[in-house]
Amino acid sequence: MSEVEKVVSSIEKKYINELLKDGKRLDGRGPWEYRPISIEAGLIPKAEGSCDVRLGKSRVIAGVKYDVGSPFGDTPDEGVCTLMAEFVPMASPLFESGPPDESAIELARVVDRGIRHGDCINYEKLCIKQGKSVYILFDDLYIIDYTGNLIDCASIAALVALINTKLPGAQWNDEKGDAEWNGEYWVAPIEELPLTNTFVKIGDTICVDPSLEEELIADCRLSVCTNSAGLVCSMQKGGSGLFSLDEVYMCMNKAIEIGNELREQLNLWQYRKEI
Amino acid sequence: MGLLIPEKKIEQLIDENGIRTDGRKVDEIRNFKCAVGVLENAEGSAYVEHGGNKIYAAVYGPREVHPRHMARSDRGILKIYYRMSTFSVFERKSPAPNRREQEISMVLRTALEPMLFLEIYPNSAIEVFVEVVAADGGTRCASATAVALALADAGIPMRDLVTGVAVGLCNEQICLDLNDFEDKAGDADIPCGWVVQQKKIALLQFDGKMTPDQIMQAFEYSLKGATEIYAAQQVALREKYEAIRDIVNPPGSVQRDDDEDEGGDQPYSQQPRDEQRTPAPEGQEGGQPEDQPGEPDGSQPDDQGGDLE
């Protein structure tokens, strides 16, 4: 029989708390250590870009599709990239079927903001004809297994799917007044690698990449997106607890440090498709 | 709005040598791969790769029914949610569920329901979630295959598996297991879900124009294909438990040898019938539950002692 709701017992909660005070965690990790990350890219033939990312046993499948359409009025020379996240009910007994709920929308928006403000995509290169025609990229995330810290797993998946994206080239045809294929392909204009690191505060201690149990007992959560230039690009605080300014400062600096480590370790450019 | 390159269409689906667009003969199935227990949280799960289709199925339950009024006091209900990812098809699918997905969910449910003993789960729901992450024609058939595997993996008692494979008419010829091009450009399409051992049909739809005799011939092709896939389903289910056996009972141990004598690596269906289910003598059936509680108490301490030494 499945558990309808996941409950962490107070004994387990106390145990996790006491371990953390000594800088230890239930699964043997240190406080600033990630679970193993594995990435498979290009697995979906009909997607322009795709990947299957596992962070520990959390798992996100992401795919990019494109369309050609009109730009937004206030950015006539920029393409568009939209992010959608779906918590597939197969991922956890905690998820229900139906339209995306607030946590799915929060997830998509947090990842989206990281990508938007991390100078990840060169939106101008996605413009075909100013004011008339631009590429619209849909980066869709499907959460198919949930064991904590979906934000970081989804942020890697969204980024790798974009890196893996190969688009048909376009040229503007004045006579037809429409964009057409120029007979070539190109890789999506990805220029930066913004990564999000999520920290949770449990009692007075903070650790990165929370497991499901840690996430459930955490007082609050802080997701910090950083880029390789050492800048903070977006943040999101979640959970009904409080952070002190010192804690936020420490999380930002840790995120820059861990983000750089991850960028080096994962070598994400390798997932670019050959043209 | 529009795509720069239109979807590829093929007019000639079979060449003069009887070879199809992907190099197959008319009576061949596509590459098939499957595995069970692929997801962490689900109580049963399966992954099926059938040609270019990549499908996950996950089972939760038996569990409480939501909304409550759907519960039946005399039996459990089976709910199947078939969904396609936005990027699984050539032109991005809208993320909202559409009519096609709802219909296929229902068709899958009616195909799998007769395999279950729903009367033993009153007031409960068994929920199956199907996610097609890559589509290449025949997703409902491959989904039926995946759902059957996931239900079996969840340990839900079943009469048999369901095995899906489509058959259709391309350039006037009957072709087994249509791929995406054949599905779209072909003249007829018959998705079939088989209960292979009984040679009975659990899922059946048809679109196109064919004579009844042609359709009966198409069923023959389909059953042949389903038999191959059924064997692969059985292997996938066995593999999971063989892996567990190898941990619990490492190769070379006494009990393992006994296992091999009994079952061997033969598919279940090929074992002699009488060995498969030896009916318990009438008198014992009533007595067994009384005997069993005593048995573990008596035998376990010995076993444990042996292990410790």
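Located above this text is the structure these notes cover.
Residues numbered from 1 in each chain as written. Chains lettered and ligands numbered in written order. Predicted model: local features only at pLDDT ≥ 70, side-chain atom pairs only at ≥ 80, totals over all residues. Heavy atoms only, no water.

Engineer: Any chance you could explain the overall build of chain A here in plain terms?
Structural biologist: Helix and strand counts for chain A stand at five helices and 12 strands. Here the C-alpha atoms of chain A give a radius of gyration of 20 Å, agreeing with the 19 Å that 2.2 N^0.38 yields for 275 residues. Considering only intrachain contacts with a sequence separation of at least 6, the fraction spanning at least 24 residues in chain A is 69%. Just so you have it, chain A exposes about 12,100 Å², and 48% of that area is on carbon and sulfur atoms. Taken together, the 28 basic and 45 acidic charged side chains of chain A have centroids lying 2 Å from each other. (Helix = DSSP H or I, 4+ residues; strand = E, 2+ residues; numbered from the N terminus. Rg over C-alpha atoms; globule rule 2.2 N^0.38 Å. Contact = heavy atoms within 4.5 Å. Areas by Shrake-Rupley, 256 points an atom, 1.4 Å probe, with all protein chains shown as cover. Lys, Arg positive; Asp, Glu negative; His and termini not counted. Charge placed at Lys NZ, Arg CZ, Asp CG, Glu CD.)

Engineer: Help me understand the environment of Arg59(A) in this model?
Structural biologist: Here Arg59(A) lies in strand E3 (residues 58–69). Remark: the alpha-carbon pair of Arg59(A) and Asp145(A), spanning 86 residues in sequence, is separated by 4.8 Å.

Engineer: Whenever I open this one, the packing of aromatic side chains confuses me. Can you help?
Structural biologist: The geometry of an aromatic ring pair comes down to the distance between the two centres and the angle between the two planes. In this structure the tally under the stated criterion is 11 aromatic pairs over all chains. Clustering of aromatic rings is evident, with ring pairs tying together Tyr66(A), Tyr135(A) and Trp186(A). Lying across the ring of Tyr185(A), Lys166(A) places its NZ or CZ 5.0 Å from the centre. Above the ring of Phe117(B), the side-chain terminus of Arg159(B) is found at 4.1 Å from the ring centroid. (Phe/Tyr/Trp six-rings, centres within 6.5 Å; stacked < 30°, edge-to-face > 60°. Lys NZ or Arg CZ within 6 Å of the ring centre and 35° of its normal.)

Engineer: What am I meant to see in the interface of chain B and chain A here?
Structural biologist: It is common to report an interface's size as the accessible area lost on association of the parts. Counting from both sides, the interface comprises 39 residues of chain B and, opposite them, 43 residues of chain A. Taking both partners together, chain B and chain A bury about 3,400 Å²; carbon and sulfur atoms supply 61% of that area. Of all residues in chain B, Leu4(B), Phe87(B) and Arg92(B) give up the largest surface area on contact with chain A, accounting jointly for 24% of the area buried on that side. Put simply, chain B and chain A have four salt bridges between them. Notably, a salt bridge pairs Lys46(A) with Asp180(B), separated by 2.5 Å at the nearest N-O pair. Of all the elements in the fold, those that place two or more residues in the side of chain B that touches chain A are strand E3 (53–64), strand E4 (77–84) and strand E5 (124–134) of chain B. Here the element with the most residues in the side of chain B that touches chain A is E3(B); it accounts for eight residues. Of the residues assigned to the side of chain B that touches chain A, the class counts are 23 nonpolar, six polar and 10 charged. (Buried area = accessible area lost by both parts, 1.4 Å probe. Salt bridge = Lys/Arg side-chain N within 4 Å of Asp/Glu carboxyl O. Nonpolar A, V, L, I, M, F, W, Y, C, P; charged D, E, K, R; others polar.)

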